[in-house]
Amino acid sequence: MNALARMVRSQAGASVIATLLALLIVTLVIAAGGYDIGHAATALWNGSVGSPYSFFSGTLVRATPLIIVGLAVAVAFQAGVLNIGAEGQLLAGAAAAMTAGLAMTGWPGWISVPAELIAGMLAGAACAGIAAVLKRSFGVLEVISTLMLNFVALYGVSYLVRGPLEEPTHTYPETLRLAESARLPVIIPGQRLHLGFIIAVVLAIAAWWFVRSTATGFRIRAVGAGAAAAASAGRVSVDRVVFGTFLASGALAGLGGGVQVTGVTYKLFELISPGYGYTAIAVALLARLNPLAVVVAGIFFGALEAGGAGMQRDAGVPAGFVYAIEALVILGVLAVDRVRTYAGAHSAPVAGERAA
Amino acid sequence: GARDSAVGGAKSFKVALLTPGPISDQSWNGSAYAGLMRIKDSIPGAQVSHIQTKTPAEFEENFRQYGAAGYSLVIGHGFEFQDAAARVGPEFPKTIYITTGGNTVGANFGAMSFAFEEPSYIAGIIAGAMTKSGTVGCIGGTELPPVKAAFEAFTAGAKSVNPKVNVIVSYIGNWEDASAGKEQALAQLGRGADVIFQDADAAGLGAFQAVRESKHAYIIGSNADQNAVAPEVTLGSVVIDIPHAFMVVANEVNGGHFKPRIVKLDMRLDVVRWTVNPALAAQIPAAAAHAVDSVRTQMLAGQFTIPAATLTK
Amino acid sequence: MSGGAFTAFLESGVRFATPLAYAALGELVVERAGVINIGLEGAIICGAFGALIAAGTGSVWLGFAGAALAGVLLAAIFAFFVVTLKTDQIITGTAMSMLGLGLTGTLYRTMYGTAGASLHIATIAPAPVPGLSAIPVIGRAFFDQPVVTYALYAIVPALAWWFYRTTGGLALRAVGEHPEAARGAGISPSRVQWAALLFGGAMGGISGGTLVLAQVGTFAEGMSAGRGFIAIAIVVLGRWTPFGVAGAALLFGAASALQTLAQTMGWGMPYQLPLAFPYLLTLVLLASTRGRTASPAALGQRPA
Amino acid sequence: MDFHRRADWAVTDPAYALTLHGITKQFGSTVALDGADFDVRAGTLHALLGENGAGKTTLMRLAFGMLRADAGTIEVDGTPRRWRSSADAIAAGIGMVHQHFLLIPAMTVAENVSLGDRGILRGFNPRAAADRVRRIGTETGLVLDPAACVADLAVGAQQRLEIVKALARDARILILDEPTAVLSPAESQELYAWLRAFVARGHTVVIITHKVREALAIADDLTVLRRGRTVLTGSSRNLDEIAVIGAMIGASVTADAPATANVSAPGAAVMSLEHVSVIDERGVQRLRDVSMEVRAGEIVGIAGVEGSGQHELLRVLAGRLTADRGHVKTPAHIGFVPADRLRDALVPAMTLTENLALKDSGSARGIVNWDSYEARAAATIRGHDVRTSGPEALAGALSGGNQQKFVLGRELEGSPEALVVENPTRGLDIRAAAHVLAELRSARVAGVAVAVYSSDLDEVLSIADRMIVCFDGNATATAVDAGAVARALVGLG
Ligand SMILES: Nc1ncnc2c1ncn2[C@@H]1O[C@H](COP(=O)(O)OP(=O)(O)OP(=O)(O)O)[C@@H](O)[C@H]1O
Ligand SMILES: Nc1ncnc2c1ncn2[C@@H]1O[C@H](COP(=O)(O)OP(=O)(O)OP(=O)(O)O)[C@@H](O)[C@H]1O
Ligand SMILES: [Mg+2]
Ligand SMILES: [Mg+2]
C-alpha cells in the first residue's frame, strides 16, 4: 500500500499509471464497440510508432505543431495568462507566412524561409496583442477575448483563401503552392519529417532554460504564481510582464502556423488546423506547463492521433470512435493526475487553476 | 460495427478510400463508401479499408501508409486530394492513386472526372420548366469547383427552356450544419424560388426539410439517389453512380490495364445520370420531358456541349 | 430590403437564435455557478442524437425528453470530473466536446449504417399565436414559431426572477462569486455546481433537440456545428444576465440570418463578414464596458 | 427551523451551550487537533486562546460544521449532534464570524444576509430582506445600509455585517474568530460592549483572540489550546496573564527583550515626503498634502484607523506607490514588509530560494545565479531562526510565524538603508512577535531608517522613537504617548 502510494506520488509513476489506465479504458471501449482488441491495438501501435514511417511521418509530423503551440500555451499559462486563443494565432501565423512566402517567390530559401516564419510570428503576436491590449487597457478577461478572436481568425482565413489569396485561376479555395525553395526542408529522406520538428525541440529546450535560468523567465513564473507578491516584493511591472508574455505566446503560436504551412501543407486553405490550438491546451496542461514535458506530451498526442488513423485504416474503427478514445485518454490522464494530487504530492499549481 | 479491414495477403487486391467527411451523409461520402463496399463484394479476394480525414495534412500521411502497406488502389474522394497524390505517387509506383475530381495525372496517379454538369444541365431543364415563380435556387456546402460547375450547368439548363429564369446561388459554409442548410433554403423560398437544387451533403438534408414543409416547392437531390429522402417533393436526383465509377476504375486496376489519365465518367458510361423521382414524374410537363430526352440523346451520342451560363460568382 | 424580406430575415434570425438561446441560457447558469463549460458543444450534439433516438417512438415530446437526458448524461461526466475530482475545466471541456462528437458519430453509424436516419422524424410545426402573429414586421418572427421558441419567452423571465428573487438564485450566484462564503452560509458549492451543470446539460441537450425536432427532422454527424462555442460567446455578450443572453442570442441569430439573406439577395459581400461580426461586437462591447466587472468572480476557478 | 429549536430546548442541559470532547483532526500529516476538549457554559462569553497553529480556527470550524472531525463528539445544549454541513449547525443556532470574512463583494448587504436561506424556489424579496437588516439594526445597534454593495463597505462595517448575518439566522451561540484583528481600538471596544450585551440577553459567545489582556478583561471563561490539545480552561476571574501566556507557549514567560538604548542619534533623512497627495482609482483622495521624513537610525511609528491613509503612506514611503502630487525621496535599497504576507510578500508555491530571489526580480537581468540565491536563503534561514527544512522548502509549507521571520530576514538582507513595515506581528504568537520587534530594534541600531505601522497601538508605542498619526489623509506628528495618539486618531490632534 505504501509502495503504491509512493509510486502514485512520483511523476514517473503517475505517468505510467495514467498510460495504463488510458490503455485499459481504450481497450474496454474498443471491446464494447465490437472490435477485435488485438487487431485494434496492433493498428494503434503500427499507426503511431510501429514503423519508422509511422513514427517520423505520422506521429512526429503531427506532434510538431502541437509542441510549438503547446509551448505557446505553457509559457502564457506560466505567467497566469490564460491564452486559449492559440488556434486563432496559429491561423493568423499560417496566413501571414503564406503571404510572405508567395510574395518572396524566387528569393533564396535562406532568406525567404526565415522571413516566412518571422511573418508568422509577427501575425500571431499581433493577434494575441489585440487580446493583450484589451486586457491591459480595458480589463477584458483573456479567456473570453481570445476565444472570440479564434472565430474571427477562422472566418478571416476563410475569406482570404476565397478572396485576396485565392490561387489565380479562382478554381480552388486555396493559395498557390510555395516554391520548393520557400519550404522548410525535409530532414529524413523519404520521410515527411521537416526541420520544423527540430525547431520545436530546440524551442522547447530554449524555453525550459529561459524560464528556469533567466531573470525574465523568473519574472514570468513569479507573476504567474503570485502577481501581487512579485509587484510588491520585487517591484516587478506585472502589466509589462503579462503583456510581453502574451505577445511571446502569440508569436509562438503564430510560428506553429508558419511551420505548418512551410513544412507540411505548402498551401493555405480553410482546414489548415484541425484544432491544434485547442489540443495544445491539453498538451500544455498535461505537461504541467513544463516546456520539456511539452515535447513528450506533444508526441503522445501526435501518436494518439496517428495511431487513431491507423485504427481507422487497419481495424475499421470509425473516425468518431477515435475522437471518443482520445477524449477518454485525456479524462484518464486527468483522473490519475487528481488522484496523485490527493495522495499529497507537492506540485506547482497550474496557472489555469486560478481565476479564468 | 462493420469490420472491413485488410491486413497482409500476398496477392490480394487491396483498395483504400479516403473521405473528407462522415460516410453517414447520405450523399458524397456515403456513396463513396457504398462504392468501396461494392468493390469488396464484387471483386473476389478484394480487401478494403476506409479512413475519414479531417485536414489535407493527413491526406499525404495516409496515402503513404496505404502505399507502404501494398495497396493496389487508393482513392482520395475529392479534388483536394490531388496534391497528395502527386507527391506520394512517385514513391509507391506499384500503387495507383486516384482522386475523384481534380486534374493531376502522373505515372501511377490520375483522376476521375465526373461529367456532373451533364445531368445538372438536365436538372436545370426540369427546374426551368417546373418553376411557376420564375425563380430557382442552388444551395452548396462550400464553394468548391465541382459544385460551382454543376450550378452553372444547372443555370444553363434552366435558361434553355426559360430564358428569363432567375437563379439564386448560395452556400452554407460547411457540409454538416443541416439547420443552416434549412435556413438557406427557407431564404431562397422566401425570395420566390420554387425549385431548389442542393449539393451540400449532410447539411443539404435541411434543405429537403425546408422544401418538404413549404408544400409549394420542389427539390433536386445530388450525388446519391436522394429521391427517397423526401419523395413527395423531390423531382429527381443528379446522381453520380460512384459505386459504378469505382468499379470501372477498380476493374481496370485489378486487370492490370489501368492507364493513368483523367478518367472521364459521363452519361455515356452511365456513371452520372439524371434519375427522375417516379412519384413525381407525371407532374413534369411533357415538353420538358421531351427536351430532356432530346438533350440526353445528344449527350449519349457525345454531341452536346453545355452552353456557358452567366452565373455571377 | 422590402418589408417582407425584412420579416423573413427576422423570422430566420429567431429560428437561428432558438437553439443558441437554449444552450446559452444553460451555460449562463453554469457560469453563474463559477464553472465554464467549454464542452457544451458535446452536450448539444448528444442532445440532437438523443432526440433522434427518443423521437423514434413517434412522440416529439419524448424526443425533447431524450435530448435533455442525453445532455444531462454528458454533463454528469463533466461535473464528476470538474466538480468532484476538481480537474481543469478547460481541458476537461475540450475532452467532452470530443467525446460527444465521437460517441454520437459512432452510435449513429452503428445504429443507422451509412444509409442515415433520413427525414422520418416528426417535427413540431410553427404554431402562430392568434392576434400577436399579425403584428406588422415582428409578429411573424416572434409569434409564428414552434412552441420551443415560445417556451423561451417564459424561461428567460423565469430565470431572471429565479436569479434575483429566490434564495436558490442567490445561492447560485454566491457560489460563482465566492464559493467559500457560500459554504459558510450552509450552501454546498459542489452540490450547487452539480445542479447547475446538469441543468446546463439539459438545456444544451434541448438545444440539440431543437435542431432535430423543430428544424431539420433528422440527425447529421457534427450538426451542432460549433453552436456550443457560440453559446459561450453569447453569455459574455449578454453580460451574464438572462435578458442580456436572450438579446445576444438574437443578435448572433440575426448575424447568421443576415449571412443567408445577403447571399439570396446577391449583395456580394463576403459571407464571412456577418458571421465574424458578432464576435467583433462582443469584443468591442467588452472593451467599452470593461468586461471584468460583469463576470462571476470565481469563474473557472477550481473549487476549494 | 423553529421546530428544531424547540426540540433542542426540550432536552437542554442548561449548563453548557456547546461541548466538544476528544476532538481529533488531521490534515495530511499535520495533526491540527489532538483530542481537544472545549466546554462553553450557556450565557457566557468564552475566550479561546492559543499560539499560531494551535488549532483554534480548526476547532471552531468543526463546531460550525465546515469541517468534519476524525474523532470526537459535539453537543449543543446537551444534545449530541452530527453536522453534515454548516447548514445543520446554523439550524441548531450556531453562527460564526470567520477570521477571513466570508462576504460576497459583488452582492448587497441584504443579499449577503439572506444567503443560505433554505429552498431553491423560495422567494427572495429584497425589500423584506432590507427590512430584516434594518430590524436587526434597530434591535442590536448593528446598523447597516441594506442596499450598499459589500465591496464598498469599510472593514468595521463588514465585521458588523458578518455578525448581522449570524443573527439573521437566529444564532444563539456566536463564534468570532479573531474579530478585532482588523478593527481599530475604538471599534474593538464597541464590539466588546456589544458582545457583553448579547451575552447579557442569555446568548453565548466564543471569541478567538491572541490578546490575553483583553481576553481576561471581557471573557467569563477562558480556554487555551496548545498543539491541538486543551491545556488550560477556567474562569477568567481565577486566571492571570502570566498563567495564560505560560499555557499558550508552554513555558514561563520571559520578559520583553529590554528596549535597546538609542545608542546613536538619528542621522540624515533617508525617506521623505513633501506635499504628497495620493488619489486612488476610484478618485478618492487618500493622502492630502503630507510632508514627513524618516531619518537613519530611528523608528517612526505610524498609527491610523483603517482607511485613514496609512496604507498609502507606507506604500509611498516604500516606493511601491507613485504619488499623484508632491515630492518623494526614498532610497533604492529599501525593505518592505506588507501586512498580507501570503499575498504581497511571498509566493507560496515557490521555494524559499526563489522567494529570496523575488526581491531582485524586478531589476534582475540576464541569467539568474541560483546557487548564490540558495546560499543567501540558507543564510537568511539561519540568521533569523526560520524553522524549516531548508532553502528548497516551499514558502507555503512554512507556518505563519516562520513565513514572517523569513520575509523580515529577506528585507533586512544586504543592509538596506530603510525599512517599511506594516502590521509586523499580525497573527503571530507572543514569542514570534517579540522576536520580530527585537529585529526592528536592532535594525535601528544598525542605522536603518524604520517606519512601522501596527493596528496594535501598544506595540507601536513600545518601539517608536516618534509617532505619526494618520487621520482622513493627513499625517500629524504626536508624542509617543497613548493619550496623544488616541486623540489624533479621531482627528483631535
Ligand atoms: N485546510 C487545511 N489544510 C491543511 N492544514 C491545515 C488546514 N487548516 C489548518 N491546517 C493546519 O492545522 C493547524 C491548525 O490550524 P488553525 O488554523 O486551526 O490554527 P489557529 O489556532 O487558528 O492559528 P492562527 O492563530 O494562526 O489562526 C495548523 O498547523 C495549520 O497549518
Ligand atoms: N501546507 C503545508 N504543507 C506542508 N507543511 C505544512 C503546511 N502547512 C503547515 N505545515 C507545517 O506544519 C507545521 C505547523 O504549521 P502551523 O502553521 O500550524 O505553525 P504555527 O504553529 O502556526 O506556527 P507559527 O506560530 O509560526 O505560525 C509547520 O512545521 C509547518 O511547516
Ligand atoms: Mg500559524
Ligand atoms: Mg486561526
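Provided above is the structure to which this section pertains.
In this convention, every chain numbers its residues from 1, walking through the sequence in written order. Key to labels: chains lettered from A, ligands numbered from 1, both in the order written. Under the rules for a predicted model, residues below a pLDDT of 70 receive no local features and side-chain atom pairs below 80 are neither given nor counted, while totals for whole chains, interfaces and linings still include all residues. With hydrogens and water set aside, each side-chain value is computed from the structure's full complement of heavy atoms.

**A word on the nonpolar core**
Part 1 of the argument: Among buried residues, the Ala, Val, Leu, Ile, Met, Phe, Trp, Tyr and Cys ones that are joined through side-chain atoms within 4.5 Å form a nonpolar core. Exposed residues in this analysis have more than 50% of their type's maximum accessible area, buried residues have under 20%, and partly exposed residues fall in between, with area computed by a 1.4 Å probe over protein chains only. Residues Leu268(A), Met223(C), Leu59(D) and Met60(D) are the most contacted members of the largest nonpolar core, which totals 267 residues.
Part 2 of the argument: It is helix H4 (residues 52-78) of chain A that contributes the most residues to this core, 14 residues altogether.
Part 3 of the argument: Every residue pair with non-hydrogen atoms within 4.5 Å of one another is taken to be in contact. Look past the residues within four positions of Met223(C) in its chain and what remains in contact with it is Glu176(B), Asp177(B), Ala178(B), Ile45(C), Ala48(C), Leu211(C), Val212(C), Val216(C) and Thr218(C). Counting from the N terminus, the helices are DSSP H or I runs at least four residues long and the strands are E runs at least two residues long.

**Considerations on the arrangement of the chains**
Part 1 of the argument: For the 5 pairs of chains in contact, the maximum contact count is reached by chains A and C.
Part 2 of the argument: One finds no contact between chain B and chain D; the C-alpha atoms of the two approach each other to within 35 Å at their closest.

**Considerations on the interface of chain C and chain D**
Part 1 of the argument: Contacts between chain C and chain D engage 21 residues on the former and 27 residues on the latter.
Part 2 of the argument: Between chain C and chain D, a total of about 1,900 Å² is buried, with carbon and sulfur atoms accounting for 62% of that surface.
Part 3 of the argument: Salt bridge, as used here, is a side-chain nitrogen of Lys or Arg placed within 4 Å of a carboxyl oxygen of Asp or Glu. For the pair chain C and chain D, the number of links is 2 salt bridges.
Part 4 of the argument: For Glu111(D), the salt bridge identified is with Arg173(C), shortest N-O distance 2.9 Å.
Part 5 of the argument: The definition of a polar contact used here is a pair of N or O atoms within 3.5 Å, where within protein one atom must be able to donate a hydrogen and the other to accept one, and adjacent residues in sequence count solely through side-chain atom pairs. At the junction of chain C with chain D, the criterion picks out 4 residue pairs in polar contact (both at pLDDT 80 or more).
Part 6 of the argument: Going through the elements one at a time, helix H6 (147-165), helix H7 (167-177) and helix H8 (179-184) of chain C are the ones with two or more residues in the side of chain C that touches chain D.
Part 7 of the argument: Tallying contributions element by element places H7(C) first for the side of chain C that touches chain D, with 8 residues.
Part 8 of the argument: Here the side of chain C that touches chain D is built from residues that sort into 9 nonpolar, 7 polar and 5 charged. Note: buried area is the sum, over both parts, of the accessible area (probe 1.4 Å) each one loses when the two are combined. Side-chain classes follow a simple rule in which Ala, Val, Leu, Ile, Met, Phe, Trp, Tyr, Cys and Pro form the nonpolar group, Asp, Glu, Lys and Arg form the charged group, and the remainder, Gly included, forms the polar group.

**So, the pairing of strand S11 (residues 269-279) of chain D**
Part 1 of the argument: For two strands to count as paired, DSSP must find a minimum of two bridges between them. Sheet topology places S11(D) next to strand S12 (residues 285-295) of chain D; 7 bridges connect them, and they run antiparallel. Across the sheet, the residue bridging to Leu273(D) is Met292(D), located in S12(D).

**Some remarks on the sheet that holds strand S17 (residues 449-453) of chain D**
Residue and element names in this part refer to chain D.
Part 1 of the argument: Across the sheet, which stays open at both edges, the 6 strands sit in the order S15-S16-S17-S13-S18-S19 with mixed pairing between neighbours. Two strands bound the open sheet, and with one partner strand each, they are strand S15 (334-337) and strand S19 (474-478). Taking the axes of each pair of neighbouring strands and ignoring which way they run, one obtains an average angle of 20 degrees across the sheet.
Part 2 of the argument: Of the strand pairs in this sheet, strand S18 (residues 466-471) and S19 are connected by 5 bridges, and their pairing is antiparallel. When the bridges of S19 are listed, Val469 appears paired with Thr476.
Part 3 of the argument: Packed onto the sheet, helix H10 (residues 310-317) meets strand S13 (299-304), S15, strand S16 (418-422), S17 and S18 and runs at close to 155 degrees relative to S16.
Part 4 of the argument: For helices, the fitted axis covers only the stretch in contact; all axes are lines through C-alpha atoms, and the angles between them, taken along N-to-C directions, range from 0 to 180 degrees. Contacts from helix H15 (residues 430-445) reach S13, S16 and S17, with the element oriented near 150 degrees to S17.

**Observations concerning the interface of chain A and chain C**
Part 1 of the argument: The interface is formed by 45 residues belonging to chain A together with 45 residues belonging to chain C.
Part 2 of the argument: Buried area between chain A and chain C, summed over both chains or domains, comes out near 4,000 Å², and the portion from carbon and sulfur atoms is 76%.
Part 3 of the argument: Sorting the residues of chain A by area buried against chain C places Met148(A), Tyr155(A) and Leu331(A) first, and these three jointly supply 15% of that buried surface.
Part 4 of the argument: Viewed at the interface, chain C and chain A are joined by 0 salt bridges.
Part 5 of the argument: Our count for the contact surface shared by chain A and chain C stands at 4 residue pairs in polar contact (both at pLDDT 80 or more).
Part 6 of the argument: Here the element with the most residues in the side of chain A that touches chain C is helix H13 (residues 319-342) of chain A; it accounts for 14 residues.

From the geometry alone we can't say anything about function, so treat these as descriptive.
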